[in-house]
Amino acid sequence: KQIRIWKAAESKWETEIILTGKNLQSNINAKFLKCFWNCDESRIVAISSHAIYVWETNKYELLLTISHELYTNQCSTLSVNPKNPKYVFVSCVSGVSAIWNIFTGKLVKILQENEFTKITESRWSPDGQSIVAADAAAGITIFNTNKRSFETLEQFFPKETDNV
């Protein structure tokens, strides 16, 4: 129910900072599923099952709690853009996914709006222009800008047990 930031001090690791956030539905401390620093280390972003939380890293103050009826309902993955510190990708158990601006709290782009298969893992490409997502049905989805708004390219691979 908290995020601990550990720092090395004289060859020992010690907890220096503890971050918490309230669950918007029950007003108790949220249970965080994943957390990351953004690429310029100005923010720490985390997901709980129903919200995105954003802290600034100078004073470790909670800046934003972002919640959406569909696009933060049962969050399952979080990926931070490696080039642009404003953007994160969040997907949910239902398979819906979107890009969020963690500086403004605004929904930037809906990538998967229909309920699909649960996305189990996601990563931005090193150039920050694409996102690859693996799902529970052994599928791979690539969201790519192609210098335009994000579009979905789906590619599925056979299971390891299938005859090739």
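Criteria and thresholds
Residues numbered from 1 in each chain as written. Predicted model: local features only at pLDDT ≥ 70, side-chain atom pairs only at ≥ 80, totals over all residues. Heavy atoms only, no water. Core = buried A, V, L, I, M, F, W, Y, C linked by side-chain atoms within 4.5 Å. Buried < 20%, exposed > 50% of the residue type's maximum accessible area, 1.4 Å probe, protein only. Helix = DSSP H or I, 4+ residues; strand = E, 2+ residues; numbered from the N terminus. Contact = heavy atoms within 4.5 Å. Phe/Tyr/Trp six-rings, centres within 6.5 Å; stacked < 30°, edge-to-face > 60°. Pairing = 2+ DSSP bridges. Axes fitted to C-alpha atoms, helices over the stretch in contact; angles between N-to-C directions.

J.: Would you take a moment to explain the nonpolar core for this structure?
T.: In globular proteins that are soluble, nonpolar side chains generally tend to be buried together. In terms of nonpolar packing, the biggest core is built from 15 residues, with Val45, Ile52, Val88, Val90 and Trp100 touching the most fellow members. Of all the secondary structure elements, the ones that give two or more residues to this core are β4 (43–47), β5 (52–56), β7 (75–80), β8 (87–92) and β9 (97–101). Among residues more than four places away in sequence, those in contact with Val90 are Ile47, Ile52, Tyr71, Cys75, Thr77, Leu78, Val96, Ser97, Ala98 and Trp100. Counting residues in hydrophobic clusters, the runner-up holds 12 residues, among them Phe32, Tyr53, Trp55 and Tyr60.

J.: Would you mind going over the packing of aromatic side chains with me for this structure?
T.: The way to describe two aromatic rings as a pair is by their centre distance and the angle between their planes. Summed over all chains, the structure comprises 4 aromatic pairs. For the ring pair Phe32 and Trp55, a centre distance of 5.5 Å and an interplane angle of 75° mean the geometry is edge-to-face. Remark: Trp55 occurs in strand β5 and Phe32 occurs in the loop between β2 (12–19) and β3 (34–37); sequence separation between them is 23 residues. In this pair, the class of Phe32 matches that of Trp55, namely buried. Ring plane angle 40° and centroid distance 5.8 Å describe the contact between Phe89 and Phe143, whose orientation is recorded as tilted. One end of the pair, Phe89, is in strand β8; the other, Phe143, is in strand β13 (residues 139–144), and 54 residues separate them in sequence. The buried category is assigned to Phe89, whose relative accessible area is 0%. Take Phe143: its relative accessible area is 1%, and that puts it in the buried class. Counting every residue linked through ring pairs, the aromatic cluster contains Phe32, Tyr53 and Trp55.

J.: Would you take a moment to explain the side chain of Ser79 for this structure?
T.: Among the structural elements, Ser79 can be located in strand β7. The exposure class assigned to Ser79 is buried, which follows from its relative accessible area of 3%. Once you skip the residues sitting within four places of it in the chain, Ser79 turns out to touch Val88, Phe89, Ser122, Arg123 and Trp124.

J.: Honestly, the sheet that holds β7 in this entry has me stumped. Any pointers?
T.: Through backbone hydrogen bonds, the strands of a sheet pair up, either in parallel or in antiparallel fashion. Ordered by their spatial adjacency, 4 strands build an open sheet running β7-β8-β9-β10, and the pairing between neighbours is antiparallel. Strand pairing shows two members of the sheet lacking a second neighbour, β7 and β10 (107–112), which therefore form its edges. Taken over all neighbouring pairs, the strand axes of this sheet differ in orientation by 20° on average, direction set aside. With 5 bridges connecting them, β7 and β8 associate as antiparallel partners. Opposite Thr77, over in β8, you have Ser91 as the bridge partner.

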